[in-house]
Amino acid sequence: MTVVDEQNAMWFEIYLPKKQYPNVGLAEVKKAIEDHINSRTQENILNGFEYTVKHGTDKGITVNTWLSKENQENMTKLAASASALTFPVVYKIGEQEDGIPVSESFSKAEELQAFSDDITKHVLQCLQDGWAEKNNFDWSPYEALYPQPENTSAE
């Protein structure tokens, strides 16, 4: 099933096995589209954070920073324990396209905290964008295609 939202210039192609979904309804379509938006949001969190190195041998290089849950937690822990660290702290930020690692050399706790804050802002912005997309999604074309069955029970 292909669903097109011309107003928002988006289309969704949804594959639902006929045996599992003999009578596809609006609820299944909504779930499939919301799952797709959630997946894109997660992808933006993981791969959408660009950082330009400010110090050290890789100064000036811009890379995408892989923000897995583990990497987010590691940076949060580093920033929280910055007062106990010996500076400079060298941290692998990402890799160039040819696989060469790129590192930042944080010379003081404030720099490490600022980097951690930038990561947190990025994650929060991605989440907010995903929530806004779902909250503002125009379901009316889909509601017209997949009308809800009338309630035939006696009240």
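Everything below is about the structure shown above.
Residues numbered from 1 in each chain as written. Predicted model: local features only at pLDDT ≥ 70, side-chain atom pairs only at ≥ 80, totals over all residues. Heavy atoms only, no water.

## Quick notes on the environment of lysine 30
Looking at the secondary structure, you find lysine 30 in helix α1 (residues 26–47). Each C-alpha atom of the pair lysine 30 and lysine 134 lies 9.8 Å from the other, and the pair is 104 residues apart in sequence. The residues touching lysine 30, leaving out its near neighbours within four places in the chain, are Trp139 and Glu143. (Helix = DSSP H or I, 4+ residues; strand = E, 2+ residues; numbered from the N terminus. Contact = heavy atoms within 4.5 Å.)

## Concerning the side chain of aspartate 58
Considering the arrangement of structural elements, one finds aspartate 58 in the loop between β3 (49–52) and β4 (62–65). Buried and unpaired, aspartate 58 has no salt bridge, with lysine 92 as the nearest side chain of opposite charge at 10 Å. For aspartate 58, the side chain forms a polar contact with the main-chain nitrogen of serine 103, separated by 2.7 Å. If we ignore the near neighbours within four places in the chain, the residues touching aspartate 58 are Val53, Pro101, Val102 and Ser103. (Buried < 20%, exposed > 50% of the residue type's maximum accessible area, 1.4 Å probe, protein only. Lys, Arg positive; Asp, Glu negative; His and termini not counted. Salt bridge = Lys/Arg side-chain N within 4 Å of Asp/Glu carboxyl O. Polar contact = N/O pair within 3.5 Å; in protein donor to acceptor, adjacent residues only side chain to side chain.)

## What to know about the environment of tyrosine 142
Relative to the assigned elements, tyrosine 142 resides in helix α4 (residues 140–145). Between the alpha carbons of tyrosine 142 and lysine 30 there is a distance of 8.5 Å; along the sequence they are 112 residues apart.

## Thoughts on the packing of aromatic side chains
One pass over the full model with this rule turns up 7 aromatic pairs. With 5.6 Å between their ring centres and 25° between their planes, phenylalanine 137 and tyrosine 142 make a pair best called stacked. Its relative accessible area of 1% is what places tyrosine 142 among the buried residues. (Phe/Tyr/Trp six-rings, centres within 6.5 Å; stacked < 30°, edge-to-face > 60°.)

## Examining the pairing of β3
Sheet faces and side chains relate simply in a regular strand, where the side chains alternate between the two faces. Side chains of β3 alternate between two faces, with Phe49 and Tyr51 buried and Glu50 and Thr52 left unburied. One ladder, built from 4 bridges, connects β3 with β4; its direction is antiparallel. Looking at the pairing, phenylalanine 49 lines up with threonine 65 of β4. (Pairing = 2+ DSSP bridges.)

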